[in-house]
Amino acid sequence: MLAGSPPVYTFESSWEVCNKVGGINTVIRSKAAVTTQELGDKYYLLGPYVEEKMRFEVELGELEDYYVRSAVHAMRDRGIKVVTGQWLIEGSPKVILFDLGSSWNRYSTRCGANCLNIETLPIDDCLFLPPSA
């Protein structure tokens, strides 16, 4: 890494981060401690914000890393609900959880049905990050 350049990060995303639906949750949990130990404080898990499932699994808190925290704040400033903290499993990996519905209104208002045929999109499974104004 060059002096003055931002650090390298690893972001792992899954529908089952803090959201047990099937077997992938078990896989993520089983490797979290080793992965956190190997990659250190630059390892983040990204997943959906599902309040009833994460309420007892995440210790909420702001992230310490300047670059990641700045990105999270920029998303929040754009109206996207983002929750951060540590997953209360072995290894205590940092998590960034997105409320998938929080950006849809802004996206559909700005872009409208002319940009995409939204009737064909499985919008419950999509996260739309609108471009900056």
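First, a word on scope: everything that follows refers to the structure included in this document.

Criteria and cut-off values
Counting restarts for each chain, with residues numbered from 1 along the sequence as it is written. Totals for whole chains, interfaces and linings use every residue, but because this is a predicted model, local features are given only for residues with pLDDT of at least 70 and side-chain atom pairs only at 80 or more, for both listing and counting. Think of the side-chain values as coming from all heavy atoms in the structure, minus any hydrogens and water. Any two strands are treated as partners once DSSP identifies two or more bridges connecting them. Numbered from the N terminus, helices here are DSSP runs of H or I no shorter than four residues, and strands are runs of E no shorter than two. Interaxial angle, 0 to 180 degrees, is taken between N-to-C directions of lines fitted to C-alpha atoms, where a helix line uses only the stretch in contact. Contacts are assigned to residue pairs that have any heavy atoms within 4.5 Å of one another. Relative accessible area decides the class of each residue, using a 1.4 Å probe on protein chains only: under 20% of the type maximum gives buried, over 50% gives exposed, and in between gives partly exposed.

## Topic: the sheet that holds strand 5 (residues 94-98)
Item 1. Here five strands make up an open sheet; going across it, the order is 1-2-5-4-3 and the pairing mixed. Of all the strands in the sheet, just strand 1 (10-13) and strand 3 (58-60) have a single pairing partner and so form its edges. Between one strand axis and the next, the sheet turns through 35° on average, direction left out of account.
Item 2. Sheet topology places strand 4 (residues 82-87) next to strand 5; five bridges connect them, and they run antiparallel. Within strand 5, the position partnered with V82 by the bridge is F98.
Item 3. This element, helix 3 (residues 66-77), spans strand 1, strand 2 (43-48), strand 4 and strand 5 of the sheet and lies at about 145° to strand 4.

## Here's the deal with the pairing of strand 5
Item 1. Burial within strand 5 is extensive, with five of its five residues counted as buried.
Item 2. Alternating residues of strand 5 divide into K94, I96 and F98 and V95 and L97, and every residue in both groups is buried.
Item 3. Pairing of strand 2 with strand 5 involves five bridges; the strand directions are parallel. Bridging from a neighbouring strand, G47 pairs with L97 of strand 5.
Item 4. Connecting strand 4 to the antiparallel partner strand 5 that follows it, the hairpin turn spans six residues, and G91 within it adopts a positive phi of roughly 95°.

Interpretation in functional terms is not warranted from these geometric data alone.
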